[in-house]
Every structure is written in structure tokens, then in C-alpha cells.
Amino acid sequence: RVVVTGTPADMLFSTSWFRRAFHMNQDMDGSVPNAMWHSLDKPWEEVLPELLRARGLLAPGQPAEEAWLEWARPWIAKSPIPIKSVFDFGWWVSMSLKWQYDCLRIVLNRSEGQEDLQQVWQSVEHFFVTEEWQQWSYH
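Residues numbered from 1 in each chain as written. Predicted model: local features only at pLDDT ≥ 70, side-chain atom pairs only at ≥ 80, totals over all residues. Heavy atoms only, no water.

Peer 1: What am I meant to see in the overall build of the protein chain here?
Peer 2: Per the secondary structure count, the protein chain includes six helices and two strands. Starting at the N terminus and ending at the C terminus, the protein chain contains elements arranged as β-α-α-α-α-α-β-α. In the protein chain, buried positions account for 35% of the 139 residues. Taking all contacts inside the protein chain whose residues are at least 6 apart in sequence as the whole, residues at least 24 apart take part in 55%. Within the structure as shown, the protein chain displays about 9,200 Å² of accessible surface, and the carbon and sulfur contribution to it stands at 56%. (Helix = DSSP H or I, 4+ residues; strand = E, 2+ residues; numbered from the N terminus. Buried < 20%, exposed > 50% of the residue type's maximum accessible area, 1.4 Å probe, protein only. Contact = heavy atoms within 4.5 Å. Areas by Shrake-Rupley, 256 points an atom, 1.4 Å probe, with all protein chains shown as cover.)

Here is the structure:
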């Protein structure tokens, strides 16, 4: 038996992370403006620190922002294509940080023993896990 999944199509075609760009506010009562509001084409270095701060994930002030950017830039530099915009950043997050989890989650937190899990794993074919689909997503 072979199980064909649609994984990891969200990384190739888009991920729900981008829906944030179409909401004016980050919260339900409208008191916290959304840094991603119509900002997918803006430089990631300008938008992401503001987005992280609004979610309580980055301390206020320039020193914290510079420290985060210094930490993030080596990872960004490893992308096979230049990461310039918020859209590019979102694509790279999906490709570099979410890909493996999406492909492996079918065997996570299951009660079967190792041999049975190996059989499950061997029966799975992720439709979009090909070099061609990955190359397509770069363009």
C-alpha cells in the first residue's frame, strides 16, 4: 500500500503565514496594528522586527533589533535565492524551517513500534518532494 500526500505543497505554493498581510490589525479588538499589512514587498529587515515586537517576541529598542538581525542574517544568507522582501522571508522560513517537520509529522506521536513505523514511512510518498518542484518554487 502506498500513501501519496500533498506534503509539502504549502511551502511551494504558499503558506498560511502570508495571510497576516491581509489583516489590518494583529488582534481582535483592533488595538495592535499589523506590521505585515500590505507589506509583502517591503524589506524584511524593516518589517520583521516590528512584527516580532508586536507579538512580544522582541524587546523594544534598537539594540535588541540589531542583535536579532545579526542573529538572523547568517541563516538568511544560506538561502539559494536572495531574501530581500517579507515575501522572500516567508518563503525561506517555510523551506528551511518547516519542510522537514511537514514531511515527518506522519510518523510523529504514533503508538506503533519501530518496525511498524518503518513500514508506515516506507509506504509514504510526498508528491511535492522533488528537485523539480523545489526549483519551480524559487521562481
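Still more to cover.
Peer 1: Could you clarify how one ought to interpret a nonpolar patch on the surface in this entry?
Peer 2: On the surface, Val2, Val4 and Phe127 cluster together into a nonpolar patch covering about 310 Å² of accessible area. Take Phe127: it is sitting in the loop between strand E2 (124-126) and helix H6 (131-137). Note on Phe127: relative accessible area 48%, which makes it partly exposed. (Patch = residues over 30% accessible without salt bridge, like charges linked within 9 Å, V, L, I, M, F, W, Y side chains within 5 Å. Salt bridge = Lys/Arg side-chain N within 4 Å of Asp/Glu carboxyl O.)

Peer 1: How should the packing of helix H3 (residues 62-77) against helix H4 (residues 86-104) be read in this particular structure?
Peer 2: Viewed as axis vectors pointing N to C, H3 and H4 meet at an angle of 65°, and their least axial separation amounts to 12 Å. In terms of orientation, H3 and H4 fall into the roughly perpendicular class. Where H3 crosses over H4, the handedness of that crossing is left-handed. Across from Trp68, Trp75 and Ile76 in H3, the residues of H4 making contact are Phe89, Trp92, Val93, Ser96 and Leu97. When grouped by side-chain class, the residues that make up the contact of H3 with H4 number seven nonpolar, one polar and no charged. (Axes fitted to C-alpha atoms, helices over the stretch in contact; angles between N-to-C directions. Parallel < 35°, antiparallel > 145°, perpendicular 65-115°, else oblique. Left-handed = near helix turned anticlockwise from the far one by under 90°. Nonpolar A, V, L, I, M, F, W, Y, C, P; charged D, E, K, R; others polar.)

Peer 1: Help me understand the pattern of salt bridges, please; the structure alone is not making it clear to me.
Peer 2: Side chains that carry opposite charge are capable of pairing whenever their charged atoms lie near each other. Taken as a whole and judged by the stated rule, the model has four salt bridges. Between Lys98 and Asp102 there is a salt bridge; the shortest N-O distance is 3.2 Å. In this pair, Lys98 and Asp102 both sit in helix H4, four residues apart, roughly one turn of the helix. Judged by its relative accessible area of 26%, Lys98 falls in the partly exposed class. Since its relative accessible area comes to 3%, Asp102 is described here as buried.

Peer 1: Would you mind showing me how to read the environment of Ser137 here?
Peer 2: Mapped onto the fold, Ser137 is located in helix H6. Overall, the relative accessible area of 11% leaves Ser137 in the buried class. Between the alpha carbons of Ser137 and Met95 there is a distance of 9.6 Å; along the sequence they are 42 residues apart.

Peer 1: Would you mind going over the side chain of Thr5 with me for this structure?
Peer 2: Relative to the elements of secondary structure, Thr5 occurs in strand E1 (residues 3-5). With relative accessibility at 15%, the residue Thr5 sits in the buried group. Side-chain polar atoms of Thr5 contact the side chain of His126, separated by 2.6 Å. What Thr5 contacts, discounting residues up to four positions off in sequence, is Ile106, Val124, Glu125, His126 and Phe127. (Polar contact = N/O pair within 3.5 Å; in protein donor to acceptor, adjacent residues only side chain to side chain.)

Distances and angles like these do not, on their own, reveal function.
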